[in-house]
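# Fold and contact review
Chain by chain, the residues:
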Amino acid sequence: MSNTTHPQFPTIDPVAVPKCVRVCQNRTCKKQGAADVLAAFAALPVPGVVVTRSSCLGQCGSGPMVLVLPEMVWYSRVQPSEVPLLVEQHLIGDQRVQQMLYYRFHPQV
Ligand code: FES
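The name given to the protein in an unreviewed UniProt entry is 2Fe-2S ferredoxin, with Tolypothrix tenuis PCC 7101 as the source organism.

## Re the overall build of the protein
Within the protein, the regular secondary structure consists of three helices and four strands. If you list the helices and strands of the protein from N to C, you get β-α-α-β-β-β-α. In the protein, buried positions account for 25% of the 109 residues. Partitioning the intrachain contacts of the protein with sequence separation of at least 6 by distance along the chain shows that 66% fall at a separation of at least 24.

## Section: unusual backbone geometry
Cis geometry is found at the peptide bond from G63 to P64, where omega equals 0°. For P64, the location among the structural elements is in the loop between β2 (49-54) and β3 (66-69). Put simply, L69 and P70 share a cis peptide bond, and its omega is 10°. With respect to the helices and strands, P70 occurs in the loop between β3 and β4 (73-75). A positive phi angle, close to 60°, is found at M72, a residue other than glycine.

## Some details on the environment of Q98
Among the structural elements, Q98 can be located in the segment after α3 (83-92). When the 9 C-beta atoms within 10 Å are taken as the criterion, Q98 is described as exposed. Counting along the chain gives 10 residues from Q98 to Q108, while the straight-line C-alpha distance between them is 8.4 Å.

## Remarks on the pairing of β3
Where strand β1 (residues 19-24) meets β3, four bridges bridge the pair, whose relative direction is antiparallel. Bridge pairing links V23 to V66 in β3. As paired elements, β3 and β4 share three bridges and run antiparallel to each other. When the bridges of β4 are listed, V66 appears paired with Y75. The turn linking β3 back onto β4 is made up of three residues, and M72 within it adopts a positive phi angle of 60°.

## Comments concerning α3
Every buried residue belonging to α3 is among V83, L86, V87, H90 and L91, and all of these are buried. One side of α3 holds all its buried residues, which, seen down the axis, span an arc of 110°. In the stretch just after α3, D94 is the one whose phi turns positive, near 60°.

Reading guide: rules and limits
Chains are numbered independently. Their residues run from 1 in the order of the written sequence. With pLDDT at 70 or above as the cut-off, local features in this predicted model cover only qualifying residues; side-chain atom pairs require 80 or more to be listed or tallied, and sums for whole chains, interfaces and linings still use all residues. Secondary structure follows DSSP: runs of H or I at least 4 residues long count as helices, runs of E at least 2 residues long count as strands, and numbering of each begins at the N terminus. Buried residues are those with 20 or more other C-beta atoms within 10 Å of their own C-beta, exposed residues have 12 or fewer, and partly exposed residues lie in between; C-beta atoms are placed from the backbone. Our contact criterion uses C-beta atoms placed from the backbone: two residues qualify when those atoms are within 7 Å. When DSSP finds two or more bridges between two strands, those strands count as paired. Think of it as the arc spanned by the lines of direction from the helix axis to the C-beta atoms.

What follows is the structure, given as structure tokens:
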């Protein structure tokens, strides 16, 4: 297969796509404190970053789950006290917070 680009599938510049943070608010994550996590994000707004509530992200039991788009970075067992670090390091600094990554999708090597 060649490595040419196809005009019908244009390359998307990830910098041009706004960041979106999805915080699961479904039953299991909510029992684990997801409402407080969402509130912690709402208290620290970042220009150009949209924070939204999400329905189940399919990873129940590892919550509260947080998904950062468009780069598909997953964070698990997020605590409200960890949100300022995530905001500072990932949303502003563009560096993943290694110790908070969800091991299933971001295995540590
Ligand atoms: S309830 Fe949050 S991932 Fe399913």
